Amino acid sequence: LSARLGRSVKFLFPSSIAVYGLPDLAAKVHTPRVPESMHLEPITMYGVNKLYAEHLGRYFMRHYRMLGADAGNAVHLDFRGIRFPGLISAETVPTGGTSDYGPEMLHAAAQGKPYACFVGPDARLPFMAMPDAVRALMGLLDAPREKLTLPSYNVGAFSLSAAEIAERAKEAFPGAEISFAPDAARARIVDSWPGDVDDVRARDDWGWRPI
C-alpha cells in the first residue's frame, strides 16, 4: 500500500506481553521490569504469532526491498507496535484469556458470584485499565515518526499479584467469595510472562504516562 500511494502508511499493531517467555520463576523474580529486547522466547502460539507480526512490521519498516534495484527509493511502512499488559474493563466481560483472571475476579465479585482463580495467589502480571489502553493507542498513533526509536513498545500502568487483586476486590465488594485453584498449564504461561514491564522508551519517545 505504501508503495502504491508513494508515501509511508501508518500501521498500528496491538501486541501483547505474550511475546515474552521467561525461562522460569527465578528469572521472573530477578528481572522485575522487562525491557522490549529481553526474553523474547514466547511459549504459546498466541505469543509466537504476536512476535512474528512484530518482526514482519519491523522488516517492512526497515528492510523492505533491500536487495531491489530501487532499494534506496523504496517506500517503507510506518509500523508502530504496542505491547499491552493484561487489560481490565468495567464494561467488557472477560473471554477466558490467560491474563483474564484479574478482570474475571473483579467481574465475579461485582456480580456476587464465587470465583476460583486459575493461578496461585503469588502469580503476578502487569495490568492496565481500558481507558489507559485507548490513550496509549492514540498517543503512539499521533507521535511524530522522527521521535520513535523502536518498532514495538512496552506500555505499563500497575503490577499486582493475584492475591492483591483479590484483596482489592473484597474491599470494593465485601461479600466477594474468591478462592485459588491453580491450573498448572495456565499458571506456567503466566509465570513465563513479566511481572512488570519497563516502558521507559515509550515515556521518553512519545510521552506515555498512565492516569
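Read on for a plain summary of the structure. Keep in mind that what you see is a predicted model, and the values were worked out from it rather than measured.

Reading the values: the criteria
- Residues numbered from 1 in each chain as written.
- Predicted model: local features only at pLDDT ≥ 70, side-chain atom pairs only at ≥ 80, totals over all residues.
- Heavy atoms only, no water.
- Buried < 20%, exposed > 50% of the residue type's maximum accessible area, 1.4 Å probe, protein only.
- Helix = DSSP H or I, 4+ residues; strand = E, 2+ residues; numbered from the N terminus.
- Contact = heavy atoms within 4.5 Å.
- Patch = residues over 30% accessible without salt bridge, like charges linked within 9 Å, V, L, I, M, F, W, Y side chains within 5 Å.
- Areas by Shrake-Rupley, 256 points an atom, 1.4 Å probe, with all protein chains shown as cover.
- Salt bridge = Lys/Arg side-chain N within 4 Å of Asp/Glu carboxyl O.
- Polar contact = N/O pair within 3.5 Å; in protein donor to acceptor, adjacent residues only side chain to side chain.
- Pairing = 2+ DSSP bridges.
- Axes fitted to C-alpha atoms, helices over the stretch in contact; angles between N-to-C directions.
- Lys, Arg positive; Asp, Glu negative; His and termini not counted.
- Parallel < 35°, antiparallel > 145°, perpendicular 65-115°, else oblique.
- Left-handed = near helix turned anticlockwise from the far one by under 90°.
- Nonpolar A, V, L, I, M, F, W, Y, C, P; charged D, E, K, R; others polar.
- Phe/Tyr/Trp six-rings, centres within 6.5 Å; stacked < 30°, edge-to-face > 60°.

Right, let's talk about helix α4 (residues 101–110) for a bit. Counting buried positions over the 10 residues of α4 gives eight, a clear majority of the element. What α4 keeps buried is the set Tyr101, Gly102, Pro103, Glu104, Met105, His107, Ala108 and Ala109. Considering only its buried residues, α4 is in contact with β3 (86–88), β4 (115–117), β5 (124–129), α6 (162–172), β8 (178–180) and α7 (184–192). Where α4 terminates, the next one or two residues include glycine 112, which has phi positive at roughly 70 degrees.

So, about a nonpolar patch on the surface. Taken together, the side chains of Tyr52, Leu56, Tyr59 and Phe60 present a nonpolar region at the surface, about 380 Å² in accessible area. On the secondary structure map, tyrosine 59 appears in helix α3 (residues 45–62).

Moving on to the pattern of salt bridges. Two side chains bearing opposite charge may form a pair once their charged atoms approach each other closely. Per the counting criterion, the structure on display carries nine salt bridges. For arginine 33, the salt bridge is made with aspartate 199, and the minimal N-O distance between the two is 3.4 Å. Of this pair, arginine 33 sits in the loop between α2 (25–30) and α3 while aspartate 199 sits in the loop between α7 and α8 (200–206), and the two are 166 residues apart along the sequence. Given a relative accessible area of 40%, arginine 33 falls into the partly exposed group.

Moving on to the side chain of serine 16. When you line up the elements, serine 16 lands in strand β1 (residues 10–16). Engagement of the side chain of serine 16 in a polar contact is seen with the backbone nitrogen of alanine 18, the distance being 2.9 Å. The contact partners of serine 16, leaving out residues within four places of it in the chain, are Tyr46, Lys50, Ile82, Arg83 and Phe84.

The three strands lie next to each other as β3-β5-β7, forming an open sheet whose pairing is mixed. Strands at the two margins of the open sheet, each flanked by one partner only, are β3 and β7 (158–161). Pairwise comparison of adjacent strand axes, ignoring direction, gives a mean angle of 45 degrees for this sheet. Along the sheet, helix α5 (residues 130–142) contacts β3 and β5; its crossing angle with β5, the most-contacted strand, is approximately 75 degrees. Against the sheet, α6 makes contact with β5 and β7, and its axis sits at roughly 95 degrees relative to β7, the strand it touches most.

Looking at the secondary structure, you find lysine 50 in helix α3. Put simply, lysine 50 is tucked away with no salt bridge, and the nearest opposite charge, on glutamate 54, sits 8.0 Å away. Once residues lying within four places of it in the same chain are set aside, the contact partners of lysine 50 are Phe13, Pro14, Ser15, Ser16 and Val19.

In a packed pair of helices, the relevant descriptors are the angle between the two axes and the axis-to-axis distance. At their nearest, the axes of α4 and α6 sit 10 Å apart, and the two run at 20 degrees to each other. By the criterion of interaxial angle, the relationship of α4 to α6 is roughly parallel. By crossing handedness, the relation of α4 to α6 is classed as right-handed. Of the residues in α6, those touching α4 at Tyr101, Gly102, Met105, Leu106 and Ala109 are Ala162, Ile165, Ala166 and Ala169. Tallied by class, residues from the contact of α4 with α6 come to eight nonpolar, one polar and no charged.

Before going further, it helps to spend a moment on the packing of aromatic side chains. Considering all chains together, one arrives at nine aromatic pairs under this definition. With a centroid separation of 6.1 Å and 15 degrees between ring planes, the pair formed by phenylalanine 11 and phenylalanine 79 is classed as stacked. Linking phenylalanine 11 in strand β1 with phenylalanine 79 in strand β2 (residues 78–84), this pair joins segments that are 68 residues apart in sequence. Note on phenylalanine 60 and tyrosine 64: the rings are 5.3 Å apart at their centroids and 40 degrees apart in plane angle, and the pair reads as tilted. The partly exposed category is assigned to phenylalanine 60, whose relative accessible area is 34%.

That is the geometry; function is a separate question.
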